[in-house]
Amino acid sequence: MLPKIFPSHCFFVFQTQMILVSWVLLHWQVFSCTGLCCGSTCPLLLEKTLLLIAPKTLPEVRFSAEPSNASWWPSLLKYYSNTDGVSWLEEYKARHNAGLEAQRIVASFSKRFFSEHVPCDGFSDIETLGCPSHFFEDELMCILNMEGRKGLTWKYYAKKILYFLRQQNILKNLKEYLQRPTDRQSFLEGAVLIDQYCNPLSDICLKSVQAQVDDITDKVRKVLRTKNPRHPSLTSKAGEVLIPEVELQRQVLDAMNCVLYEQLKYKGNELDYYNSLNSYIHQVLIRRTGIPISLSVLYLTIARQLGVKLEPVNFPSHFLLRWCQGKEGSTDIFDYTYIDAFGKGKQLTVKECEYLIGHHVTEEFYGVVTSKEVLQRMVGNLLNLGKRESTDQSYQLLRDSLDLYLAMYPDNVQHLMLQARLYFHLGIWPEKVLDILQHIQALDPSQHGAVGYLVQHTLEHIERRKEEVGPEVKHRSDEKHKEVCFSIGLIMKHKRYGYNCVIYGWDPACMMGHEWIRNMNVHSLPHGPHQPFYNVLVEDGSCRYAAQENLEYNSEPREIPHPDIGRYFSEFTGIHYLANTELEIRYPEDLELTRATVQKIYSSGKE
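Residues numbered from 1 in each chain as written. Predicted model: local features only at pLDDT ≥ 70, side-chain atom pairs only at ≥ 80, totals over all residues. Heavy atoms only, no water.

Looking up the chain in an unreviewed UniProt entry gives the name F-box protein 21, with the organism given as Falco tinnunculus.

And the structure:
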């Protein structure tokens, strides 16, 4: 069942109408020979079809005299490498059915998973889709791209489903990448796969990233041409011919440094080193800054496209590249010059590398590493960033980086244990926690102490969940709730800390444990814990539990940009939020009070 905000036609109507228009435009000649119309009336049928569809959906499009003009095709065109023999009517039907299936699944998620995190088997319907996945994804994108402030719950779950779908596809691509011979594992492609997995809703693809790298490479060639018009890198195809002469290689590296660091102003991000954006290759290209390993991947890729072979060096604390000055394949570390892409391409000796990190290291750290080891270090950096803070964003980064690490090293006990502890701490996927612990026990029986502790507490969690009888319903008319002044959906301001927030739950008194009450110094409040407390979503993305005496009506109510807003609310009216069906079941009498409060507070203010 569609939410009230949508008319009888569905989310997918725009895309399906686009396909139908394209189908009519591309195949109007077929009508005459199939008996659908006579030859002389085909243009009339075409005109009527377009008049019915196009004015509502394509007001800005100019009709082309060429029926096959690609500007008519929808965004799905990229899935059709060869359009010969494609039945566009069948494609339209398939897209229509995929839209219905996507809507059915999205609509079911709020009811099924409102009270808990979507379980690991919650996506089972999606894993066994009976429709083309690209049509299914296209429908989810239609939901996410709906204009306005309505359909927030649909958007929330559409985003979760799309996140899951894309990550599953990226993991498959990563595993296929790792199975290739090492000489076919592009460092740039590996960096893009990591970027895609951690940002599955962003439009990141190898083709566009490669195009940006190619553009930088062309700039380097222009500089090189002014220095040496007969340089072999100006004529050779990208990556096909390696330049043997060291002096010609040096000219390439000098031109690269000129373009990257002088013209384009690339630099190491010393001021915000621990920002995860520094690790994502598409962000490195946009922001022109990064950390040693991400800048090294870019530097190495450009050099190889210009015929200079550089190799990655997994140097401790500071990733480097090495450039051979002696016999190719030499094992003597002094036959190499080491390049610091983070330090504007500075060329270093072995001794200078040690000065860089402040201590001596053994020869093994100057050796070349494989693409898999480069990815391992990139993922390890993200994993360490995820451990630095206890926020929802950090936990998500930690989960994503663990997924990537275990895709490369599925039997790593240390990271399996970290994954189990993370899920246990977050209170999600207890059944999966048990599976992980069983796998750890099989790999390393010496872990039985830690495994046993987590198994016991995870089983207790599962039993408590089974005992839950349903949602607790809170009626404002109950005597015990008479002190609760505020209601669900109101935009509030914290008197002490000044943050803006929206109420999504309340208790007649503080329901947290003694330790939390002590840590939060609740007893220092005039009314202490014996006053209503509110669950609020805060504009900084956090969820907090605030005392009634610390909250006040927001004189300038605004939209709260919280990632979980759609879990609880279906719409933002411009002044307050409307609870979705599941939240309204739990607070059935709040909506009336919210509307009355809004009318009283904000209407009187306008007068």
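**Student:** I tried to follow the packing of aromatic side chains on my own but got confused; where do I start?
**Tutor:** Two descriptors summarise a pair of aromatic rings, namely the distance from one centre to the other and the angle between the planes of the rings. This structure, assessed with the given rule, holds 19 aromatic pairs. Between the aromatic rings of Tyr504 and Tyr568, the centroid separation amounts to 4.4 Å while the plane-to-plane angle is 35°, which identifies the pairing as tilted. Taken together, the residues Tyr504 in strand β8 (residues 500-507) and Tyr568 in helix α19 (residues 565-568) connect sequence positions 64 residues apart. Residue Tyr504 shares its accessibility class with Tyr568, and that shared class is buried. Through successive ring pairs, a cluster of aromatic residues spans Phe109, Phe113, Tyr156 and Tyr157. Note that Lys372 overlies the ring of Tyr409, its terminal NZ or CZ placed 4.6 Å from the centroid. Positioned above the aromatic ring of Tyr274 is the side chain of Arg388, whose terminal nitrogen or guanidinium carbon lies 4.1 Å from the ring centre. (Phe/Tyr/Trp six-rings, centres within 6.5 Å; stacked < 30°, edge-to-face > 60°. Helix = DSSP H or I, 4+ residues; strand = E, 2+ residues; numbered from the N terminus. Buried < 20%, exposed > 50% of the residue type's maximum accessible area, 1.4 Å probe, protein only. Lys NZ or Arg CZ within 6 Å of the ring centre and 35° of its normal.)

**Student:** Just to check I follow, could you spell out the sheet that holds strand β10 (residues 543-547) for this structure?
**Tutor:** The pairing of strands in a sheet comes from backbone hydrogen bonds and takes either a parallel or an antiparallel form. With respect to topology, five strands assemble into an open sheet ordered β10-β9-β8-β7-β11, the strand pairing being antiparallel. Of all the strands in the sheet, the pair left with one neighbour each is β10 and β11 (551-553). Across the sheet, the mean angle separating the axes of adjacent strands is 50° when strand polarity is ignored. (Pairing = 2+ DSSP bridges. Axes fitted to C-alpha atoms, helices over the stretch in contact; angles between N-to-C directions.)

**Student:** For this particular structure, what's the right way to read the pairing of strand β7 (residues 491-494)?
**Tutor:** Note on strand geometry: in a regular strand, side chains alternate between the two faces of the sheet. Looking at chain direction, β7 and β8 are connected through three bridges and run antiparallel. What sits directly across from Ile491, in β8, is Val502. Between β7 and the antiparallel strand that follows it, β8, lie five residues; Gly498 among them carries a positive phi value of about 75°.

**Student:** Mind showing me how you'd approach the environment of Lys482 here?
**Tutor:** Relative to the assigned elements, Lys482 resides in the loop between α17 (448-467) and β7. Owing to a relative accessible area of 56%, Lys482 belongs among the exposed residues under this scheme. Considering only alpha carbons, one finds Lys482 and Pro508, 26 residues apart in sequence, at a separation of 8.2 Å. Within the local environment of Lys482, its side chain forms a polar contact with the side chain of Glu479, the two groups lying 3.1 Å apart. (Polar contact = N/O pair within 3.5 Å; in protein donor to acceptor, adjacent residues only side chain to side chain.)

**Student:** For this particular structure, what's the right way to read helix α14 (residues 392-408)?
**Tutor:** Residue pairs spaced three or four apart in an α-helix point in one direction, given the helix's 3.6 residues per turn. Along its 17 residues, α14 runs 25 Å from first to last C-alpha, staying within 8% of the 24 Å computed at 1.5 Å per residue. When you tally the buried positions in α14, you get 14 out of 17 residues, the bulk of the element. (Expected span 1.5 Å × (residues − 1).)

**Student:** Looking at this structure, how should I read the sheet that holds strand β3 (residues 311-313)?
**Tutor:** Pairing within the open sheet is antiparallel, and its four strands lie in the order β3-β4-β5-β6. Strand pairing shows two members of the sheet lacking a second neighbour, β3 and β6 (346-348), which therefore form its edges. Recorded for the sheet is a direction-independent mean angle of 40° between the axes of neighbouring strands. Relative to β6, strand β5 (residues 336-340) is paired through three bridges, and the arrangement is antiparallel. The partner of Ile339 across the bridge, within β6, is Gln347. In the packing of helix α9 (residues 246-263) onto the sheet, the strands contacted are β4 (320-324), β5 and β6, and the crossing angle to β4 comes to about 150°. (Contact = heavy atoms within 4.5 Å.)

**Student:** Mind showing me how you'd approach the pattern of salt bridges here?
**Tutor:** Pairs may arise between side chains of opposite charge once their charged atoms sit close together. Going through the model one piece at a time under the given rule, you end up with 20 salt bridges. One salt bridge in this structure joins Glu559 and Arg149, with 3.4 Å as the shortest N-O distance. Here Glu559, found in the loop between β11 and α19, pairs with Arg149, found in the loop between α5 (133-144) and α6 (152-179); they are 410 residues apart in sequence, far enough to count as distant. Glu559 gets classed as partly exposed once you look at its relative accessible area, which sits at 37%. Judged by relative accessible area, which is 39%, Arg149 ranks as partly exposed. Ionic pairing is found between Arg558 and Glu556, a salt bridge with its closest N-O pair at 3.9 Å. (Salt bridge = Lys/Arg side-chain N within 4 Å of Asp/Glu carboxyl O.)

**Student:** I tried to follow the packing of helix α7 (residues 187-198) against helix α11 (residues 292-305) on my own but got confused; where do I start?
**Tutor:** Helix-helix packing is characterised by the crossing angle of the two axes and by the distance between the axes. The geometry of α7 relative to α11 is characterised by a closest axis approach of 9 Å and an angle of 145° between their N-to-C directions. Crossing of α7 over α11 shows left-handed handedness. Seen from α7, the contacting residues are Phe187, Leu188 and Ala191; seen from α11, they are Val297, Leu300, Thr301 and Arg304. Residues belonging to the contact of α7 with α11 are distributed by class as follows: five nonpolar, one polar and one charged. (Left-handed = near helix turned anticlockwise from the far one by under 90°. Nonpolar A, V, L, I, M, F, W, Y, C, P; charged D, E, K, R; others polar.)

**Student:** It is not clear to me how the packing of α6 against α14 should be interpreted in this structure. Could you clarify?
**Tutor:** Where α6 contacts α14, the axes come no closer than 10 Å and their chain directions differ by 30°. Between α6 and α14, the angle is such that the two are roughly parallel. Where α6 crosses over α14, the handedness of that crossing is right-handed. Residues Tyr163, Gln167, Leu171, Leu174, Lys175 and Leu178 of α6 lie in contact with α14, whose contacting residues are Gln396, Asp400, Asp403, Leu404, Ala407 and Met408. Of the residues belonging to the contact of α6 with α14, the class tally is seven nonpolar, two polar and three charged. (Parallel < 35°, antiparallel > 145°, perpendicular 65-115°, else oblique.)

**Student:** For this particular structure, what's the right way to read the pairing of β5?
**Tutor:** The element β5 is extensively covered by neighbouring structure, given that five of its five residues are classed as buried. A two-sided burial pattern is seen for β5, the buried positions comprising Tyr336, Tyr338 and Asp340 on one face and Thr337 and Ile339 on the other. Once β5 ends, the chain turns through five residues before running back antiparallel as β6, passing Lys344 with a positive phi of about 60°.

**Student:** I would appreciate a short explanation of unusual backbone geometry in the present structure.
**Tutor:** One can expect most non-glycine residues to show negative phi and most peptide bonds to be in trans. The residue Ser317 is not glycine, and still its phi comes out positive at about 70°. One can find Ser317 in the loop between β3 and β4.

**Student:** What am I meant to see in the nonpolar core here?
**Tutor:** In summary, soluble globular proteins display a tendency toward joint burial of nonpolar side chains. The biggest cluster of nonpolar side chains holds 66 residues, and the ones touching the most others in it are Ile216, Met256, Tyr266, Tyr299, Ile302 and Leu310. A total of nine residues in this core trace back to one element, the largest contributor, which is α9. Beyond its immediate chain neighbours, meaning those up to four positions away, Tyr299 contacts Leu253, Met256, Asn257, Leu260, Tyr261, Leu310, Leu321, Ile339, Ala341 and Gly345. (Core = buried A, V, L, I, M, F, W, Y, C linked by side-chain atoms within 4.5 Å.)

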